[in-house]
Amino acid sequence: MSVVLITGSAGLIGSEATLFFAAQGFDVVGIDNDMRQVFFGTEASTAWQRQFLTNKLGKAYRHYDLDIRDRAAIEAVVKQYGAAIKLIIHTAAQPSHDWAARDPHTDFSVNATGTLNLLEAIRQHAPDAAFIFTSTNKVYGDTPNRLPLIELETRWEIDPTHPYASGIREDMSIDHTLHSLFGASKVAADVLVQEYGRYFGMKTVCFRGGCLTGPNHAGAQLHGFLAYLMKCAATGTPYQVFGYKGKQVRDNIHSADLIAAFYEFFQAPRSGEVYNMGGGRFSNCSMLEAIKLCEEITGRDMQCQYQEQNRTGDHIWYVSDLRKFQSHYPQWQLRYDVKAILQEIHAAGLERWQNQTLQKQSFAL
């Protein structure tokens, strides 16, 4: 028996990874207690995705409704499977800047302490397993906002002569910057993952993601840019744009492309590695550009409300430089650009969003 252990297994990346590795013949052990519902409300619950995985995969998937902050429970699961664990994909997290500021203790305990619990359990009971951590580009804080940016008609763009014109590299400093409390808790986890790789020789990697997205994303206002944007477009829900004239730029990577990167690392793991990971120059958009695409796909005008005040520490322009990862794993390539991602989100989510709207209307009556 070869086991892949996935935390946040009912979430966007976790569910995609669960389906992928089960298809590769692995037994998947999932850990997920639907904290996303606690963070963002019932509409963000991943219970539907957990049920889908259980029904589809049967005995190939075993679910544990556990909190990663519960050190004893996490160690017990890892010890149960021991050396059979070949890979850990750690996606469980509190992912919102705004939510972190409301409850810093919960944010830090989930993001940092939960990661430490997993790392130490793996070191004790499955030290040869590869450990993949979904970190974030927010570890760089607002340093990207000090890059030389140029305002264009629909977006901000970097000076084409700058060394980061191809995207932001891993050599950007994570020090002397405004992270937000969420960014700080993810920095702590990111550094722990690196340290367990370098200090103990474990096969660990941090993928510092930009906007991770896809059709399985339960998008909410505070997290899940493209999924929530398309949901608003399809249901006629007003969408809030925060600052920067709506020209802020993000690179967006489909969950399937990210899992393909995970698989490449798993086949030839390294110790204490760090990669910036997103859509890069292949898949990126501004808020204005994404709104226009949503309108084209849905065939309806969006209701957008603009607030001049940007979110604290929010990036004006962030595009990942993917060349380091591609140099280590040259067979990996992106397949989905922004338009393809939005089309897939729309096709997969339309029925679910309509059902949610009908339920709201029935409750109102």
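Rules and cut-offs
- Residues numbered from 1 in each chain as written.
- Predicted model: local features only at pLDDT ≥ 70, side-chain atom pairs only at ≥ 80, totals over all residues.
- Heavy atoms only, no water.
- Helix = DSSP H or I, 4+ residues; strand = E, 2+ residues; numbered from the N terminus.
- Rg over C-alpha atoms; globule rule 2.2 N^0.38 Å.
- Buried < 20%, exposed > 50% of the residue type's maximum accessible area, 1.4 Å probe, protein only.
- Contact = heavy atoms within 4.5 Å.
- Axes fitted to C-alpha atoms, helices over the stretch in contact; angles between N-to-C directions.
- Parallel < 35°, antiparallel > 145°, perpendicular 65-115°, else oblique.
- Left-handed = near helix turned anticlockwise from the far one by under 90°.
- Nonpolar A, V, L, I, M, F, W, Y, C, P; charged D, E, K, R; others polar.
- Phe/Tyr/Trp six-rings, centres within 6.5 Å; stacked < 30°, edge-to-face > 60°.
- Lys NZ or Arg CZ within 6 Å of the ring centre and 35° of its normal.
- Arc of directions from axis to C-beta.
- Pairing = 2+ DSSP bridges.
- Expected span 1.5 Å × (residues − 1).
- Bend = angle between axes of the 7 residues up to and from the residue.
- Salt bridge = Lys/Arg side-chain N within 4 Å of Asp/Glu carboxyl O.

Caption draft 1: Summary view of the overall build of the protein chain. Broken down by element type, the protein chain carries 12 helices and 15 strands. Relative to a compact globule of 365 residues, whose C-alpha radius of gyration would be 21 Å, the protein chain shows 20 Å and is just as compact. With the C-alpha coordinates aligned to their principal axes, the bounding extent of the protein chain is approximately 55 × 55 × 40 Å. For the protein chain, with 365 residues in total, the buried portion stands at 57%. Within the protein chain, contacts between residues at least 6 apart in sequence are counted, and of these 83% link residues at least 24 apart.

Caption draft 2: Focus on the environment of Val-319. Tracing the chain through its elements places Val-319 in the loop between β15 (317-318) and α11 (323-328). Since its relative accessible area comes to 0%, Val-319 is described here as buried. Considering only alpha carbons, one finds Val-319 and Gly-14, 305 residues apart in sequence, at a separation of 23 Å. Setting aside residues up to four positions removed in sequence, Val-319 forms contacts with Gly-167, Ile-168, Val-249, Asp-251, Gly-280, Arg-281 and Asn-284.

Caption draft 3: Here's a closer look at the packing of helix α1 (residues 12-23) against helix α9 (residues 255-267). One can describe the packing of α1 onto α9 by two numbers: an axis separation of 9 Å at closest approach and a directional angle of 60 degrees. It follows from the interaxial angle that α1 and α9 lie oblique. You can see that α1 and α9 cross each other, and the crossing is right-handed. Residues Leu-12, Ile-13, Glu-16, Ala-17, Phe-20 and Phe-21 of α1 pack against Ser-255, Ala-256, Leu-258, Ile-259, Phe-262, Tyr-263 and Phe-266 of α9. When its residues are assigned to classes, the contact of α1 with α9 shows 11 nonpolar, one polar and one charged.

Caption draft 4: The packing of aromatic side chains, seen in detail. Taken as a whole, this structure holds 22 aromatic pairs when the rule is applied. Plain terms: the ring middles of Phe-325 and Trp-332 are 5.3 Å apart, the flat faces sit at 85 degrees to each other, and that makes the pair edge-to-face. We classify Phe-325 as buried; its relative accessible area is 0%. Aromatic rings pair up to connect Phe-207, Phe-262, Phe-265, Tyr-275, Phe-325, Tyr-329 and Trp-332 into one cluster. The ring of Phe-200 has Arg-123 sitting right over it, with the charged end atom 4.1 Å from the ring centre.

Caption draft 5: Broad picture of helix α4 (residues 71-81). Turning to α4, its buried residues are Ala-73, Ile-74, Val-77, Val-78 and Tyr-81. Each buried residue of α4 sits inside an arc of 130 degrees when the element is viewed along its axis, so together they form one side. Exposed positions of α4 whose direction lies more than 90 degrees from the buried face are Arg-71, Ala-72 and Lys-79. In this fold, the buried residues of α4 make contact with β1 (3-7), β2 (27-31), β3 (61-64), β4 (85-90) and α6 (104-125).

Caption draft 6: The arrangement of the sheet that holds strand β12 (residues 273-277) in detail. One open sheet holds the seven strands; their spatial order is β3-β2-β1-β4-β5-β8-β12, and the pairing between them is parallel. Because the sheet does not close on itself, it has two edges, and the strands there are β3 and β12. The mean angle between the axes of side-by-side strands here comes to 15 degrees, regardless of whether they run parallel or antiparallel. Bridge count for β2 against β3 is four bridges, and the pairing is parallel. If you follow Gly-30 over to β3, its bridge partner there is His-63. Running at roughly 170 degrees to β1, α1 makes contact with β1, β2, β3, β4 and β5 (130-136) of the sheet.

Caption draft 7: Structural detail: α6. Helix length check: α6 (22 residues) gives 31 Å between terminal C-alpha atoms against 32 Å at 1.5 Å per residue, within 8%. At Val-110, α6 shows its maximal kink, close to 30 degrees.

Caption draft 8: Fine view of the pattern of salt bridges. Throughout the structure, instances matching the rule amount to 16 salt bridges. Between Asp-142 and Arg-146 there is a salt bridge whose closest N-O contact spans 3.7 Å. By relative accessible area, Asp-142 is classed as buried at 18%. Residue classification places Arg-146 among the exposed positions, given a relative accessible area of 53%.

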